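Letter by letter, the chains look like this.
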Amino acid sequence: MALYQKALESFDQSVLRPNWLSKDYHLTLKFNSKDESIASTIMQRLNHLYQEISAIDPKEAIIHGDLNMGNMLRKDHKIIAIIDLESTEKNYRILDIGMSIFQISPHYDYDYRRLAKEIVQGYNRITKLTNKEFGQIKNSTLYAAACSSLWNLSFEGGYKDFLKDYLCLQEKIEKGFK
């Protein structure tokens, strides 16, 4: 992830557009009338998390935005390519870490703390996170889960227990970082 960000430091950013981790991307989503209340609740949480993350003035980078096991091609236990680049955008680099933790967590039995430690250790070998950024990794993961939930609600529609499941997911992430 850090290598990806580092490799794109001189990339022409004018071709990038805000994507699903961007501050206001959720405002472009459309929801069924029956899902608007659920979307509103998740958006409030999303906005609160973004404010907390922004308050520490984290560093920006060109981020992948959807880095998960399916988007990393591997050979002999080494990553040889990263694919699925349509979510690439300029944003806070810790949001990329949060999304990766959220996406990869099922492969770690939802041990968010252990996964975060491994990802941050690898990241810090290339470029160091600030202490304030490190302190916002949990919120970045919660933010990624909220973005993903809103996207799913918009494109797939809600179901009876959607909000309950979303709140359980947020609680699971909170507990997983303790």
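Residues numbered from 1 in each chain as written. Predicted model: local features only at pLDDT ≥ 70, side-chain atom pairs only at ≥ 80, totals over all residues. Heavy atoms only, no water.

Counting across every chain of the model gives eight salt bridges. A salt bridge links Arg-114 to Glu-118; the shortest N-O distance between them is 3.6 Å. One end of the pair is Arg-114 and the other is Glu-118, both in helix α4 (residues 112–126) and four residues apart, which spans about a single turn. Overall, Arg-114 belongs to the partly exposed group, its relative accessible area being 41%. On the basis of relative accessible area, Glu-118 is assigned to the partly exposed category, the value being 37%. Here Glu-174 and Lys-138 are joined by a salt bridge, their closest N and O atoms 3.0 Å apart. (Salt bridge = Lys/Arg side-chain N within 4 Å of Asp/Glu carboxyl O. Helix = DSSP H or I, 4+ residues; strand = E, 2+ residues; numbered from the N terminus. Buried < 20%, exposed > 50% of the residue type's maximum accessible area, 1.4 Å probe, protein only.)

It is worth spelling out the environment of Ala-7 at this point. Mapped onto the elements, Ala-7 comes out in helix α1 (residues 2–7). In this structure the C-alpha to C-alpha distance between Ala-7 and Lys-90, which are 83 residues apart in sequence, comes to 13 Å.

Looking now at the packing of aromatic side chains. Using the criterion set out here, one finds seven aromatic pairs in the structure. Residues Tyr-110 and Tyr-112 carry aromatic rings whose centres are separated by 6.3 Å and whose planes lie at 50° to one another, so their mutual orientation is tilted. Judged by relative accessible area, which is 36%, Tyr-110 ranks as partly exposed. Aromatic ring contacts, followed pair by pair, group Trp-20, Trp-151 and Phe-155 into a single cluster. (Phe/Tyr/Trp six-rings, centres within 6.5 Å; stacked < 30°, edge-to-face > 60°.)

For the rest of this paragraph, the subject is the packing of helix α3 (residues 93–104) against α4. The interhelical angle for the contact between α3 and α4, taken along N-to-C directions, is 135°, at an axis separation of 10 Å. By the angle class used here, α3 and α4 are oblique. The crossing of α3 and α4 is right-handed. Every residue of α4 that contacts α3 at Arg-93, Ile-97, Ser-100, Ile-101 and Ile-104 is listed here: Tyr-112, Leu-115, Ala-116, Ile-119 and Tyr-123. Residue composition of the contact of α3 with α4, by class: eight nonpolar, one polar and one charged. (Axes fitted to C-alpha atoms, helices over the stretch in contact; angles between N-to-C directions. Parallel < 35°, antiparallel > 145°, perpendicular 65-115°, else oblique. Left-handed = near helix turned anticlockwise from the far one by under 90°. Contact = heavy atoms within 4.5 Å. Nonpolar A, V, L, I, M, F, W, Y, C, P; charged D, E, K, R; others polar.)

For α4, which comprises 15 residues, the first-to-last C-alpha distance of 22 Å matches the rise-based estimate of 21 Å (1.5 Å per residue) to within 8%. Of the surrounding secondary structure, the elements contacted by the buried residues of α4 are α1, α3, α5 (131–135), α6 (137–156) and α7 (162–176). (Expected span 1.5 Å × (residues − 1).)

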